[in-house]
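Chain by chain, the residues run as shown.
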Amino acid sequence: MNLAERIVASSQPLPRAAGAMRPVRISDAQVRRGGVDAVLATCHAGTRRLRLNYELVGPEGAPVVFVAGGISASRHVAANPLAPESGWVQGLLDPGRTLDPSRLRVLAFDYVGADGSIDAPIDTADQADAVALLLDALGIESLASWVGYSYGALVGLQLAVRHPQRLRRLVAVSGAHKAHPYAAAWRALQRKAVALGRLQCADAQGLSLARQFAMLSYRTPEEFAERFDAPPVICNGQVRVAAEDYLDAAGAKFVARVGETAWLRLSESIDLHQVDPAKVNVPTTVVAVEGDRLVPMADAVALIEGLGTRGRLRVLRSPYGHDAFLKEIDRVDALLATELFGPGGQLTPGAHAREFSGVVA
């Protein structure tokens, strides 16, 4: 099958998971939430002493799947007994889902620099090395799979290059081997908005504006046409368009939970990212989204071509663009079922159902 055929085949409707297993109730004993001290030799910021905060949910001894999101994602992927608040991709770990932590162990961590403690360039290679240190500390020899979205996909690619023995499969969603110049330009303007806010002693306003710019790059004109096709209004002598309330709310919500230094350095990290696809020797599924303006289809195809026989391309058609992973939960779940449990996947539903038992939820 040539590349064009692979693209067409992967655009077909996604199947649901086969061999569904009964979910079991997660107990406090099956949740580990903490941190490990580490010394990390970074690419651009020297050697740093760090605290790597993580969350590990699921039955002891089950295969471990690492889930990593965008630069504002955290170790808290979904609610659990020790942390009942919603996570950054809550629905993807619901009972009966492919990543249901009643039958897998789901691991996530806070990115290096997410606490704002490093005011220096941070490389995706630093994140991959930190993951290897975390796995050592937790006694995890190898991951069954890495599921990475956006920045998480970049870190997964770096992990596959720098520490290929630590993962058996990679699913890279909306991420490629290098930054696209158009996307890098978007992020550069966002960082200038933060810099301007600092000059005006309006740090929060600068970060809020940067987030609002980012939302325009994450989503698509089609979605905005459907949601905000309303006439502008005049308010206090100024024209206000329909999408402004949405953008203002997105900016305020972001400022309340993310610091400027952390965001700036992790934004830069995306643009520093470089991986040679030929050096990725782990079976890799690349998931591209039609309409993703930050990681266009051409970049996904270039990555697949570099991966050769180790790569497989899946395509999602979605009005949500770069944010499809967060919005298209049902379709992403079905895709993960195929890639992790289907032919060529590293996980076997039947074996896990026999090995792990518990109270039926």
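Summarised in this report is the structure supplied together with it. (Residues numbered from 1 in each chain as written. Predicted model: local features only at pLDDT ≥ 70, side-chain atom pairs only at ≥ 80, totals over all residues. Heavy atoms only, no water.)

Things to note about the overall build of the protein chain
We count it as follows: Put simply, DSSP marks the helices as runs of H or I at least four residues long and the strands as runs of E at least two long, and each gets a number from the N terminus on. Each residue's exposure class comes from its accessible area (1.4 Å probe, protein chains only) as a fraction of the maximum for that residue type: buried when under 20%, exposed when over 50%, partly exposed otherwise. Contacts are residue-level and defined by heavy atoms, with any inter-residue pair within 4.5 Å sufficient. Note on areas: Shrake-Rupley, 1.4 Å probe, and residue coverage restricted to the protein chains presented here.
When helices and strands are tallied, the protein chain shows 12 helices and 10 strands. For the protein chain, buried positions account for 55% of its 361 residues. A separation of at least 24 residues holds for 75% of the contacts in the protein chain among residues at least 6 apart in sequence. Per element, the accessible surface of the protein chain, about 15,800 Å² overall, is 53% carbon and sulfur.

Considering the pattern of salt bridges
Where we set the bar: Salt bridges are counted wherever a side-chain nitrogen of Lys or Arg sits within 4 Å of a carboxyl oxygen of Asp or Glu.
Evaluation of the coordinates by the stated rule reveals 25 salt bridges. For aspartate 100, the salt bridge identified is with arginine 103, shortest N-O distance 3.9 Å. Each member of the pair, aspartate 100 as well as arginine 103, carries the same accessibility label: buried. Through salt bridges that share partners, Arg169, Arg312, Arg314 and Glu339 make up one connected network.

Thoughts on the pairing of strand 3 (residues 64-68)
Keep this limit in mind: Strand pairing is assigned whenever DSSP identifies at least 2 bridges connecting the two strands.
Judged by how many residues are buried, strand 3 sits mostly within the fold: 5 of 5 residues are covered. Across the two faces of strand 3 the burial is the same, with Val64, Phe66 and Ala68 and Val65 and Val67 all buried. Sheet topology places strand 3 next to strand 4 (residues 105-109); 3 bridges connect them, and they run parallel. Residue pairing across strands places phenylalanine 66 opposite leucine 107, the latter belonging to strand 4. Relative to strand 5 (residues 145-149), strand 3 runs parallel, the two sharing 4 bridges. Counterpart to phenylalanine 66 in the pairing with strand 5 is tryptophan 146.

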